[in-house]
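# Overview (structure and organization)
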Amino acid sequence: MSTESLHELLKKLGFTSYEAKAYITLVLNGSLTATELAMKSEIPQPRVYDIVQSLLEKGLIMVSEGRPRKFQAISPTVALRNYVNRKRQLEDEALETFLAELTSHAPASTEAGVWTSSGYTSALNLLRDSFFIASDELLFAGYLEILEELEEAAKKPLSTCVVLYDAIEEATGNLKLYDEVRVKPTKAPVMLIPDFRHALVIIDWETRKPTSYLITDENLIKIFAVYYLSYIRSGSKLIHSRLDTLDKRSYVHLTRALDHVRILREKGRRVFVRVIGRRTSDGRLVELEGEVVGEFENSFRSIGYLTVRLADGREVTVGGIGAYLEDVEARRIEIIAQK
């Protein structure tokens, strides 16, 4: 590898140009006086002492006693590795302190609208953030490589639906940790909807020069949620589901809650729900608990509801987001199954 390449690598580790030149020169030439170091590294003589002092403080070189003083690199395998590790540790500590302090001052939520960003790194950051903020349900459509980048998300206790655009035949590895995995070979936009907080839509992912749209307007989120559930998900092939083994899950979208309820009831299980939402008659907030005694869905008309019997014997109908014919518009549906 050329000296220039080594120089660029050290700059990536946080070295200034002069520090990189001086350090490489000492590593390659052994002990040198300040004058020799200046000549061989092509660093101006007046700057040499500042540079060697910086390298001494980094713990990368040592200096001899006597006159003239000489400088020599400590074994890079030990010294440089320790320097980088310590630097990362200090950066991590500074990052955590900064984030902890910032959290108390950050805005509570993003203003409603459509926000745009460009580039692969930005898209990946938005994907990670969307995975991170989901607390109940996560809807994803995209490529397997994205999930591999975000594999820690598979271990979160969320209700998850994954639709892959890759043409794979079976779910293996971490894919089996998701509640529902489907395949729909296509080149549709990458989509991710965490709860009902926002919709993230990414176009041109395959080009590595994607454009990301973060949609925080509730009316637009509804449109993309319907698009996901009624087109992306419904037109896909199911290759993995573990809904029949899950006794407890929370949903934001009624369509998936209906599927889970139906599967459990077909297995002879009693299903109870806790619902948070609003009464469609007057818009007041409501929380209710009861046993599911019926479910209805017409996928062609994108309508459906649960019939829930309350403790006092009354039965109420629970619809999804945007419901107005049912008794309650649900914003969160927690399912609890009993033997």
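To keep things clear, this report deals only with the structure shown in the data block. Here the residue numbers are simple positions, counted from 1 along each chain's written sequence. In keeping with the model being predicted, local features are shown solely for residues with a pLDDT of at least 70 and side-chain atom pairs are shown and tallied solely at 80 or more, while totals for entire chains, interfaces and linings include all residues. Values reported for side chains reflect all heavy atoms of the structure, with hydrogen atoms and water molecules removed beforehand.

Before going further, it helps to spend a moment on unusual backbone geometry. Residue Pro 68 is reached from Arg 67 by a cis peptide bond, and omega for that bond is -10 degrees. Runs of E in the DSSP output that reach at least two residues are strands. Runs of H or I that reach at least four are helices, and both are numbered from the N terminus. Tracing the backbone through its elements, the reader meets Pro 68 in the loop between strand 2 (61–63) and strand 3 (70–73). One non-glycine residue with positive phi stands out, namely Asp 195, at about 55 degrees. Inspection of the secondary structure puts Asp 195 in the loop between strand 8 (190–194) and strand 9 (199–203).

Strand order in the open sheet formed by eight strands is 4-10-9-8-5-6-7-11, and the pairing between neighbours is mixed. Edge positions in the sheet fall to strand 4 (114–118) and strand 11 (237–241), since each has one partner strand and no second. Strand-to-strand twist across the sheet, computed as the mean angle between neighbouring axes with direction ignored, equals 15 degrees. Of the pairings in the sheet, the one linking strand 5 (residues 137–142) to strand 8 comprises four bridges and is antiparallel in character. Note on strand 8: the bridge partner recorded for Phe 140 is Leu 192. Strand pairing follows a simple DSSP-based rule, namely that at least 2 bridges must link the two strands. Under this scheme, a helix contributes an axis fitted over its contacting stretch, all axes are lines through C-alpha atoms, and angles between N-to-C directions fall in the 0 to 180 degree range.

Next up on the list: the packing of helix 1 (residues 3–12) against helix 2 (residues 17–29). The interhelical angle for the contact between helix 1 and helix 2, taken along N-to-C directions, is 125 degrees, at an axis separation of 9 Å. As far as their axial angle goes, helix 2 and helix 1 are oblique. Seen from above, helix 1 lies across helix 2 with right-handed handedness. The residues of helix 2 that touch helix 1, namely those facing Thr 3, Leu 6, His 7 and Leu 10, are Ser 17, Ala 20, Lys 21, Tyr 23, Ile 24 and Leu 28. Lys, Arg, Asp and Glu make up the charged group, whereas Ala, Val, Leu, Ile, Met, Phe, Trp, Tyr, Cys and Pro make up the nonpolar group; the residues left over, Gly among them, are polar. Per-class residue counts for the contact of helix 1 with helix 2 are six nonpolar, three polar and one charged. Each angle is binned into one of four classes, with values under 35 degrees roughly parallel, values over 145 roughly antiparallel, values of 65 to 115 roughly perpendicular, and all other values oblique. A clockwise turn of the near helix away from the far one marks a right-handed crossing, whereas an anticlockwise turn of less than a right angle marks a left-handed crossing. Contact criterion: two residues are considered in contact whenever any of their non-hydrogen atoms come within 4.5 Å of each other.

A few words now on a nonpolar patch on the surface. Residues Leu 95, Phe 98, Leu 99 and Leu 102 make up a contiguous nonpolar surface patch of about 360 Å² in total accessible area. Type-normalised accessible area, obtained with a 1.4 Å probe on protein chains alone, sets the label of each residue: buried when under 20%, exposed when over 50%, and partly exposed for intermediate values. On the accessibility criterion, Leu 102 (39% relative accessible area) is partly exposed. Residues enter patches when they are more than 30% accessible in relative terms and free of salt bridges; like-charged ones are connected within 9 Å and nonpolar ones (Val, Leu, Ile, Met, Phe, Trp, Tyr) within 5 Å. Here, Shrake-Rupley sampling with a 1.4 Å probe gives the accessible areas, and only protein chains in the shown set may cover a residue. When a carboxyl oxygen of Asp or Glu is within 4 Å of a side-chain nitrogen of Lys or Arg, the pair counts as a salt bridge.

The next point concerns the environment of Leu 192. Its place among the elements puts Leu 192 in strand 8. The spacing of Leu 192 and Ser 212 is 20 residues in sequence and 11 Å in space, taken between C-alpha atoms. Excluding residues that lie within four positions of it along the chain, Leu 192 makes contacts with Leu 127, Ser 130, Phe 131, Leu 138, Leu 139, Phe 140, His 198, Ala 199 and Leu 200.

Here we come to the nonpolar core. What is meant by a nonpolar core is a set of buried Ala, Val, Leu, Ile, Met, Phe, Trp, Tyr and Cys residues, joined one to another through side-chain atoms within 4.5 Å. Ranked by internal contacts, the top residues of the largest apolar core, which has 44 residues, are Leu 127, Phe 140, Ile 146, Leu 147, Val 190, Trp 205 and Tyr 228. Of all the elements, helix 8 (residues 218–233) adds the most residues to this core, at five residues. Apart from the residues within four sequence positions on either side, Leu 147 is in contact with Phe 131, Phe 140, Val 162, Leu 164, Leu 175 and Tyr 178.

Among the secondary structure elements, Leu 288 is positioned in strand 14 (residues 285–298). Take Leu 288: its relative accessible area is 10%, and that puts it in the buried class. Apart from residues lying up to four places away in sequence, Leu 288 is in contact with Val 273, Arg 274, Val 275, Val 308, Leu 310, Val 316 and Val 328.

Moving on: the sheet that holds strand 2. What the three strands build is an open sheet, ordered 1-3-2; its pairing is antiparallel. Lying at the two open borders of the sheet, with one neighbouring strand each, are strand 1 (32–33) and strand 2. As paired strands, strand 1 and strand 3 are joined by two bridges and run antiparallel to one another. By the bridge assignment for strand 3, Leu 32 is matched with Phe 71.

For any two aromatic rings, the description comes down to two numbers: the centre-to-centre distance and the angle of the planes. In summary, the pairing rule links any two rings of Phe, Tyr or Trp, Trp by its six-membered ring, whose centres are within 6.5 Å, and it sorts them by plane angle into stacked for under 30 degrees, edge-to-face for over 60 and tilted for everything else. Here the structure, examined in full by the defined rule, presents seven aromatic pairs. Arranged with centres 5.9 Å apart and planes meeting at 40 degrees, the rings of Phe 15 and Tyr 23 form a pair that is tilted. Pairing Phe 296 with Tyr 305 gives two aromatic rings, centres 5.5 Å apart and planes at 35 degrees, and the pair type is tilted. By relative accessible area, Phe 296 is classed as partly exposed at 36%. Taken together through their ring pairs, the aromatic side chains of Phe 15, Tyr 23 and Tyr 83 make up a single cluster. Over the ring of Tyr 231 we find Lys 184, and its NZ or CZ is 4.5 Å from the ring centre. The rule is short: NZ of Lys or CZ of Arg within 6 Å of the ring centre and within 35 degrees of the ring normal puts a charge over the ring.

To continue, consider the side chain of Ser 236. Inspection of the secondary structure assignment puts Ser 236 in the loop between helix 8 and strand 11. Using a relative accessible area of 12% as the deciding quantity, one classes Ser 236 as buried. Between N or O atoms, a polar contact is any pair within 3.5 Å; within protein, one atom must be a potential hydrogen donor and the other a potential acceptor, and residues adjacent in sequence are included only when both atoms are from side chains. A polar contact of 2.5 Å, which involves the side chain of Ser 236, links it to the backbone oxygen of Arg 233. Not counting residues up to four positions away in its chain, the partners in contact with Ser 236 are Val 163, Arg 182, Val 183 and Lys 184.

Note that every value here comes from positions in space, so none of it alone points to a role or purpose.
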